[in-house]
Amino acid sequence: MSKQMNRRRKVSKKVISNEPPKRTEEKRPSGSKPSQPPTSAKKIHVSTISVVKSASVENSSEKLVSEANSSEDETDGSDLHLSSADKEQRAKDNRKLLRDRVIYARKVGEEAATGQVLDGEPIDYESACKIKELAWGSSNMPPKPEWLKQGIVFRPCDQLFAYGLKTHKNGTKNFLISLQAYFLKQLLFDMKKTGGAKFSSGSRSRPQPTEKCKGPSMAQLLKPGEKIQQEMLVGGLVELLSKIADGKETVLCLPGPDNCFQPTAHFGIDGITEKLRVMRCSKDEELRTYVKKYSATLMQENGIGLISVLYSVILTRNFNRLAYDLQDQATNSLIDPIGDCTTGLLNLIITGRANPYLHNGIMVVEDEDNEESEEFSGEERRGMETRNDIGFLIWDQDEETTNRFHLGSRLKTPTLPIWITRCNGQFGVLFNPNRELMRSYHAENRFQLYYYSDAEMKKGEYKETLLTIDTRNVGNQVVVDPSETEFEEAPPPPLEKAIQTKWEGSTIDWGGITPYI
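Residues numbered from 1 in each chain as written. Predicted model: local features only at pLDDT ≥ 70, side-chain atom pairs only at ≥ 80, totals over all residues. Heavy atoms only, no water.

**Considerations on the nonpolar core**
If you look at the biggest cluster of nonpolar residues, it comprises 90 residues, and the most contacted ones within it are Phe175 and Tyr311. By residue number, the principal contributor to this core is helix H7 (residues 172-194), which donates 12 residues. Setting aside residues no more than four positions away along its own chain, Tyr311 makes contact with Ile131, Lys132, Ala135, Trp136, Pro143, Cys253, Ile272, Thr273 and Leu276. Counting residues in hydrophobic clusters, the runner-up holds 20 residues, among them Leu393, Cys423, Leu430 and Leu495. (Core = buried A, V, L, I, M, F, W, Y, C linked by side-chain atoms within 4.5 Å. Buried < 20%, exposed > 50% of the residue type's maximum accessible area, 1.4 Å probe, protein only. Helix = DSSP H or I, 4+ residues; strand = E, 2+ residues; numbered from the N terminus. Contact = heavy atoms within 4.5 Å.)

So this is what it looks like as structure tokens:
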């Protein structure tokens, strides 16, 4: 027995003392090949397909080397009966297995996209029911199919319209275009403060109001790379949820792997709502960490990104404040029966409050010759309290129909040159990179606006839609009686009419593109 113990001590001592000798760097002539490491060093080489400077790859490399060292250095006594040749063969086999392993670099957020959402707390039954009632009208009502498989997906990076989101011709487009305004705000105004998106080195200032926006720097800015696209999404969602929270806690929620409660007959299982994990944040940086972690999940095509943002918006505003915001429409769902966003939901995204009205201040319902007005005659309706960063322009069929929206000047005149447009039910976004446009009347004499709606364009016209608006001749136009003309003049495109509700009498040049909206 004592001999066996002595033998084990000798083996253990031998293994511990078998450390590779330290190597010293030797200078060698340029062009000469480096000398091979001595075999006694037992250095393990880990081959990779690509070398990526990321923490995940470095950590994985260190782990592999650690495994290799431990496989040779550690002994549990099971190989004491092996001969020296067998031990050497086992070490060679271990090294070969490690060499054949490959380390793949992951993008930020990819781990969350391929794994399970376990952060936060499970949603409770009561909250899940209220979310479905607010969003879809009933806790038994299933979400619209187009909302269940819609991620927040940018167009291909480094290409034309790379700043824009992919949309479909259904009710989700209105919601996506509203989010698009926040992402553009990040790209054009906010990211430059933090060193994110930058203009070309030849221009330190933004284009002057009288200059054309389409310079080399602007062309480069509007073709963001993949990293910038992710920063646009993260920054835009953090700003949106913080605006909606209005000083309270923000909420990000995504579906986890399991149901969070036992469903009942009063709750319709949809595969999303009953699995929500709720991440409550008291600081923006905490929220930013979560959004960045799950950005790849939110940006997955045909994924659950859009409905996750919808539910996050509802929970962040909370049920009591939503009921107050919606006023007399508190019993209506935020998504109408055909799957479109209501005005209350769009205003929740644009302004941070789910206000179903667009007028300035408070409006009193007047007694008119219809039963609906008589029922609410004399009641007050709260509208827009202040100007907003993002504006709204509307044109619907004709002037009479458009006036029924009572769109006020506070939404027509935002603090930044970004407007969501609704033209005969089709949504898009107008924008200009020069914030001085909203600070000086002189800047509005002649200026340009980009327009994006992810619309199909004619062959040969696939380029940026850059409109030139000229207000210098307002009041000097010659009015022609239609009865005196030989041919009937085609009506202006709806987008032009929407722009003219803000700049009345202006002329609009489409820059060689056939008007498509």
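**Structural notes on the packing of helix H9 (residues 226-245) against helix H12 (residues 305-317)**
For the pair H9 and H12, the least separation of the axes is 8 Å and the interaxial angle reads 30°. One element, H9, and the other, H12, form an angle in the roughly parallel class. Where H9 crosses over H12, the two elements pack in a sense that is right-handed. Each of Leu237, Leu240, Leu241, Ile244 and Ala245 in H9 lies in contact with H12, whose residues at this interface are Val309, Ser312, Val313, Thr316 and Arg317. Taken together, the residues of the contact of H9 with H12 break down into seven nonpolar, two polar and one charged. (Axes fitted to C-alpha atoms, helices over the stretch in contact; angles between N-to-C directions. Parallel < 35°, antiparallel > 145°, perpendicular 65-115°, else oblique. Left-handed = near helix turned anticlockwise from the far one by under 90°. Nonpolar A, V, L, I, M, F, W, Y, C, P; charged D, E, K, R; others polar.)

**Some details on the packing of aromatic side chains**
Counted according to the given criterion, the structure contains 17 aromatic pairs. Centre to centre, the rings of Phe161 and Tyr452 are 5.9 Å apart; their planes meet at 45°, and the pair counts as tilted. In this pair, Phe161 sits in the loop between helix H6 (145-148) and H7 while Tyr452 sits in strand E9 (residues 446-452), placing the two residues 291 residues apart along the sequence. Taken individually, Phe161 and Tyr452 each receive the classification buried, so the pair is uniform in this respect. Centre to centre, the rings of Phe261 and Phe267 are 5.3 Å apart; their planes meet at 85°, and the pair counts as edge-to-face. (Phe/Tyr/Trp six-rings, centres within 6.5 Å; stacked < 30°, edge-to-face > 60°.)

**Regarding the side chain of Glu496**
Summarising the element assignment, Glu496 is placed in helix H18 (residues 494-500). In this view, Glu496 contacts Ile508 and Trp510; residues no more than four positions away in its chain are not counted.

**Looking at the pattern of salt bridges**
Two side chains that carry opposite charge are able to pair once their charged atoms sit near each other. Enumeration over the complete set of coordinates arrives at 17 salt bridges. Residues Asp246 and Arg353 are paired through a salt bridge, measuring 3.3 Å at the closest nitrogen-oxygen approach. Of this pair, Asp246 sits in the loop between H9 and strand E2 (250-255) while Arg353 sits in the loop between helix H14 (343-351) and strand E4 (362-364), placing them 107 residues apart in sequence. Look at Arg353 and you get partly exposed, because its relative accessible area is 35%. The residue Arg280 makes a salt bridge to Glu249 at a minimum N-O spacing of 3.0 Å. Residue Arg280 is found in strand E3 (residues 276-281), and its partner Glu249 is found in the loop between H9 and E2; the two are separated by 31 residues along the sequence. (Salt bridge = Lys/Arg side-chain N within 4 Å of Asp/Glu carboxyl O.)

**Some details on the sheet that holds E2**
Judged by pairing direction, the sheet is antiparallel, and its three strands sit side by side in the order E1-E3-E2 without closing on themselves. Single-partner strands in this sheet number two, and they are strand E1 (121-122) and E2. Pairing between E2 and E3: six bridges, direction antiparallel. When the bridges of E3 are listed, Thr250 appears paired with Cys281. Strand contacts of helix H10 (residues 284-293): E2 and E3, with the helix running at about 150° to E3, the strand carrying the most contacts. (Pairing = 2+ DSSP bridges.)

**Some thoughts on helix H5 (residues 125-136)**
In an α-helix, one turn spans 3.6 residues; hence positions three or four apart end up facing the same way. Between its terminal C-alpha atoms H5 stretches 16 Å, which fits the 16 Å expected from 12 residues at 1.5 Å a residue. Three or more residues of H5 are buried, namely Ser127, Ala128, Cys129, Ile131, Lys132, Leu134, Ala135 and Trp136. In the core, the buried residues of H5 are packed alongside H6, E3, H12 and helix H13 (319-326). A distance of 3.2 Å separates the backbone nitrogen of Glu126 from a side-chain oxygen at the start of H5, and that oxygen is part of Asp124. (Expected span 1.5 Å × (residues − 1). Polar contact = N/O pair within 3.5 Å; in protein donor to acceptor, adjacent residues only side chain to side chain.)

**A few points about the sheet that holds strand E8 (residues 426-431)**
Overall, mixed pairing links the six strands, which are arranged E6-E7-E8-E9-E10-E11 in an open sheet. Edge positions in the open sheet fall to strand E6 (391-395) and strand E11 (507-509), since each of these has one partner strand only. For this sheet, the mean inter-axis angle between neighbouring strands, taken without regard to orientation, is 30°.

**Section: the environment of Tyr357**
With respect to the element layout, Tyr357 can be found in the loop between H14 and E4. Assessed through its relative accessible area of 18%, Tyr357 is described here as buried. Setting aside chain neighbours within four positions, we find Tyr357 in contact with Gln327, Asp328, Gln329, Asn347, Arg381, Arg382 and Met384.

**A few points about the side chain of Asn388**
Within the secondary structure, Asn388 sits in the loop between strand E5 (380-382) and E6. One polar contact links Asn388 to Lys243, side chain to side chain, over a distance of 3.2 Å. The contacts of Asn388, once residues within four sequence positions are left out, are Lys243, Ile350, Thr351, Arg410, Pro414 and Thr415.

**Here we look at the pairing of strand E7 (residues 418-423)**
On a regular strand, each side chain points to the face opposite its neighbour's, so the side chains alternate between the two faces of the sheet. Of all six residues in E7, five are buried, a share of seventy percent or more. As paired strands, E6 and E7 are joined by five bridges and run parallel to one another. For Phe392, the partnering residue across the bridge sits in E7 and is Ile420. Here six bridges tie E7 to E8, and the two strands are oriented antiparallel to one another. What sits directly across from Ile418, in E8, is Phe431.

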